[in-house]
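Here is what each chain is made of, one letter per residue.
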Amino acid sequence: MARGDYQRMTGGERCEECGSRHWYSEDALRYCRNGHRLEGYAPHEAGEDEYGTTGKVTRRKKEKRERAAVKLEGAAGRELYLECLQIILRKQIWWLIKDRGLPAELEEIVRAFWGLRVRDFPAHDDEFQRDSSLGASDADVGDDELSDGPVETNRVWRPHSGKRLNLPALIDTLALCYLGCFTLRLPISTASFCHWVQRGDLEFLAAINGLPKNVQDRLPAGYHRSLQIRDHIAPGKLQSAVREMAISFNVNYEIKLPPLNHIPLLLDLMRDLTLPVEIFLSVKCMAQILGADFSYPTRDKQRILSVDDPEVLLLALVAVSTKLLHPLDGVTRRPTTHDDPRVMQIDWKQWKAVRTKQAEAARGLQRGEEHTVTAWEAVRVDKTDTEKWLDYFERMFVQTGATPKTPEVTTRMFQGGSNTSFREPAGNPQARKDLDELVVERYQTVNSTMKFIEPEQPEDLVDKNGRKTRSERDYCPVWRTEDDLPEAAKIFYKEAAKAAAVPLRNLINAAAQVERRLEMWCVQRERARRMEAADTETEG
């Protein structure tokens, strides 16, 4: 084609350098009008039927740019956040019903609780106070949520109250599920919920990864942070959220929840701690003496104590009963008769040895404890534990799907993995059988090492006022801090706090409060006896 014979480009093509839309051919190559060589031209020999054609033209594909999603603001962003919590809550309920076999009525109860929790939020920003915020962030709360203190003022959810309005937090989804089980009086503790969460069975720690990507992209940054991944639930946090939720329902709607179904939970605690049956009878007697109904406090309660939480109260009663019947300070307090339950004493050294032996037998990284691995431990674990930890990391931190947000350099390490340690069947009969055999083995070992204490009559001691008194060894010490605990007591209290998923200091405080109430009851009973004796002498 001669230099002056220009052809017009078709299909909207242009020269990439000068933008010209005319071209000419020379030496089987194609050039624009200004002499720039055009790419994508394939030379060919024309046949009789193809005379005058220019051959096949290919166009370079342009990279597709992803448009950034617009973050919602104001009422729209708040509504999207609540919808995210509702999605997470629905997944939790489905798992509890389908995998754990809980009754279907749980869904209706939790749905009603959720409706009450969010019903009074205003729809427009001008009606919503500027100081409103999310509930306490999971990352900001330590393990002191059950500390004693006055009732806070942020439990009012209604906008016309003039109080600060708090949106639900992620932990509130678990609290609502627990309150649903609590209302149905199911024998499920908050420690069970924490256990399911730590194992990754119940949706919570990586809940944000289960939300649709378009929802994550449009969620405001403040709400996005409240749904960020956590690696564990701090001890006592769930109990605190449940307690606050129960009080708030009473404050806003005058709903009083039923008492805790404490008998099955008491048996579970005794089994987990390998305690004899006498503890069960002692706890029931103490509960009756203190008038404990194992209910959550109401709005009439001006100050919240550790023992106002039903599960913490139950745990404290177990600790105090064990402390009285099986001394933890190494002092032998002899029984007075053979009917006294103190005639058989737990050998706490053997009790500790049993639990230590079982902990050593279960070597390796256990499910639910992956978050405890430190950087130093990570480089020293064996291949099996490394695979378990990588499985944990994959399900917690790696987002998969059509458009994952996790960088490819990270996800490449997990491609082709089996993720075998995740999602074990909830109703695994073999696991249940192994647990029962473990409990039997514990009790056989502890019972075979219990010591018999010969009864003896107490010494008749008289104080300076001529009244009968007891020996110093018969008095039970009160421990108020962790440093006050003897060695055996520290081990037992830690195991008990771990079994109930509460902070150790909250158990110590609750036990001291129970002991103080028992002391006051003893003083009142002694005073009543003296008054009765005085009245008898007067009548005589």
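Procedures and definitions
Residues numbered from 1 in each chain as written. Predicted model: local features only at pLDDT ≥ 70, side-chain atom pairs only at ≥ 80, totals over all residues. Heavy atoms only, no water. UniProt positions renumbered as here; feature names shortened; annotations may be inferred. pLDDT = per-residue confidence, 0-100. Contact = heavy atoms within 4.5 Å. Phe/Tyr/Trp six-rings, centres within 6.5 Å; stacked < 30°, edge-to-face > 60°. Helix = DSSP H or I, 4+ residues; strand = E, 2+ residues; numbered from the N terminus. Buried < 20%, exposed > 50% of the residue type's maximum accessible area, 1.4 Å probe, protein only. Lys NZ or Arg CZ within 6 Å of the ring centre and 35° of its normal. Axes fitted to C-alpha atoms, helices over the stretch in contact; angles between N-to-C directions. Parallel < 35°, antiparallel > 145°, perpendicular 65-115°, else oblique. Left-handed = near helix turned anticlockwise from the far one by under 90°. Nonpolar A, V, L, I, M, F, W, Y, C, P; charged D, E, K, R; others polar.

- As annotated in an unreviewed UniProt entry, the protein carries the name RRN7-type domain-containing protein and comes from Apiospora saccharicola.
- The UniProt entry for the protein carries the following text under Subcellular location (unreviewed entry): "Nucleus, Nucleolus".
- One UniProt comment on the protein, placed under Sequence similarities (unreviewed entry), says "Belongs to the RRN7/TAF1B family."

Re the confidence of the model for the protein
1) Next: Put simply, the protein has an average pLDDT of 78, and 67% of its residues get 70 or more.
2) Next: Between residues 126–132, whose pLDDT stays under 50, and residues either more than four places distant or in other chains, the model counts 11 contacts.
3) Next: Scored below 50 in pLDDT, residues 407–411 makes three contacts in the model with residues more than four places away or belonging to other chains.

Here's the deal with the packing of aromatic side chains
1) Next: Here the structure, examined in full by the defined rule, presents 13 aromatic pairs.
2) Next: Consider the rings of Trp95 and Trp196, whose centres lie 5.4 Å apart with planes at 65 degrees: the pair is edge-to-face. Of the two residues, Trp95 sits in helix H1 (residues 74–98) while Trp196 sits in helix H4 (residues 190–198), which places them 101 residues apart along the sequence. Considered together, Trp95 and Trp196 belong to a single accessibility category, that of buried residues.
3) Next: What links up through ring pairs into an aromatic cluster is the set Trp95, Tyr178, Phe182, Phe193, Trp196 and Tyr296.
4) Next: Over the face of the ring belonging to Trp479 we find Lys323, whose NZ or CZ atom lies 4.0 Å from the ring centre.

So, unusual backbone geometry
1) Next: Despite not being glycine, Phe294 has its phi angle at roughly 55 degrees, a positive value.
2) Next: If you trace the backbone, Phe294 turns up in the loop between helix H9 (278–290) and strand S7 (303–304).
3) Next: A relative accessible area of 2% places Phe294 in the buried class.
4) Next: Positive phi, normally seen in glycine, also occurs at Ala501, with a value near 60 degrees.
5) Next: Relative accessible area serves as the criterion here: at 15%, Ala501 is assigned to the buried category.

Observations regarding the packing of H9 against helix H17 (residues 504–539)
Two numbers describe a pair of packed helices, the interaxial angle and the distance between the axes.
1) Next: For the pair H9 and H17, the least separation of the axes is 10 Å and the interaxial angle reads 65 degrees. The pairing of H9 with H17 is recorded here as roughly perpendicular in orientation. Two packed elements cross with a definite hand, and for H9 against H17 that hand is left-handed. In this structure, H9 contributes Met286, Ile289 and Leu290 to the contact, and H17 contributes Val514, Arg517, Leu518 and Trp521.
2) Next: Residue composition of the contact of H9 with H17, by class: six nonpolar, no polar and one charged.

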